[in-house]
Amino acid sequence: MTKFEDLALDPRVLKAVAEAGYTTPTPIQAQAIPHALQGKPLLPTAFSIGGDGATWSADGFIYFGGLTGGGTTGLMRVSPSGGSAPVQVTTVDTARGEQDHFWPSALPQGRGVLFSIQKQGSFDKSDVAVLDTKSMTHRVLVQGLTARYFPSGHLLYVTAGDDLMAVPFDLD
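This section reports on the structure supplied with the text. (Residues numbered from 1 in each chain as written. Predicted model: local features only at pLDDT ≥ 70, side-chain atom pairs only at ≥ 80, totals over all residues. Heavy atoms only, no water.)

**Observations regarding the sheet that holds strand β6 (residues 113-119)**
To summarise the sheet geometry, strands pair through backbone hydrogen bonds and adopt either a parallel or an antiparallel arrangement. With respect to topology, 4 strands assemble into an open sheet ordered β5-β6-β7-β8, the strand pairing being antiparallel. Since the sheet does not close on itself, it has two edges, and those belong to β5 (98-106) and β8 (137-143), each with one partner. Strand-to-strand twist in this sheet, taken as the mean axis angle between neighbours without regard to direction, amounts to 30 degrees. Looking at chain direction, β6 and strand β7 (residues 122-132) are connected through 6 bridges and run antiparallel. Bridging across to β7, Phe-115 finds its partner in Ala-129. (Pairing = 2+ DSSP bridges. Helix = DSSP H or I, 4+ residues; strand = E, 2+ residues; numbered from the N terminus. Axes fitted to C-alpha atoms, helices over the stretch in contact; angles between N-to-C directions.)

Right under this line is the structure:
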């Protein structure tokens, strides 16, 4: 099995990858990184990743906001083998006032994907949620936007008042 150390990455990159909790690249990363380091073009793996952010998870999938044609479909993901149509993994619940699911951010070791849920009328009412990538269910964690996990064990997010918050976050 390939490890990040086998990919001739700069020591600073290896350190950052290790600090983020990653040790083994996904199959697609193991294939793509050597080509990218040699300056070779990469083949596309998706039809489109939309404009609502994207993240590459350790489970091998690329998760992205699926904004299409003026309406939203929720989060989507592309198979690690590439070339197949994106698969919808969350559904916007308009009956609960949801308008969009966007800005996904993968948790270490493929444990889930953080994302924002925009509520109708205002970003001020947005929520931060986490998608369980095994059950494909999600739950709201806190009111806020654009959450990111940090290896210190904290969840960072922005409140409606533009305050940056850091709260303890257990990956388990």
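**A short note on the environment of Phe-102**
The residue Phe-102 is located in strand β5 in this model. For Phe-102 and Asp-52, which are 50 residues apart along the polypeptide, the C-alpha to C-alpha distance reads 5.0 Å. Apart from residues no more than four positions distant in its own chain, Phe-102 is found in contact with Asp-52, Leu-75, Phe-115, Ser-116, Ile-117, Gln-118, Phe-123 and Leu-145. (Contact = heavy atoms within 4.5 Å.)

**Some points on the layout of surface pockets**
Each pocket or cavity is described by its volume, and for the second largest pocket that value is around 300 Å³. Along the walls of the second largest pocket sit 18 residues, with Arg-111, Val-130, Leu-131, Asp-132 and Leu-171 positioned nearest its centre. If you list the elements that add at least two residues to the lining of the second largest pocket, you get β7 and β8. When residues of the lining of the second largest pocket are assigned to their parent elements, the largest contribution, 4 residues, is made by β8. By residue class, the composition of the lining of the second largest pocket is 6 nonpolar, 5 polar and 7 charged. (1 Å grid on protein atoms, 1.4 Å probe; cavity = no way out; pocket = protein on both sides within 12 Å on 5 of 7 lines; lining within 4 Å. Points joined across faces, edges and corners; volume = space filled by probe spheres on them. Nonpolar A, V, L, I, M, F, W, Y, C, P; charged D, E, K, R; others polar.)

**A word on the sheet that holds strand β9 (residues 145-150)**
Here 3 strands make up an open sheet; going across it, the order is β9-β10-β11 and the pairing antiparallel. Of all strands in the sheet, those with a lone pairing partner are β9 and β11 (164-168), marking the two edges. Geometrically, the sheet is characterised by an average inter-axis angle of 20 degrees between neighbouring strands, direction not taken into account.

Geometric descriptors of this kind do not, in isolation, establish any biological role.
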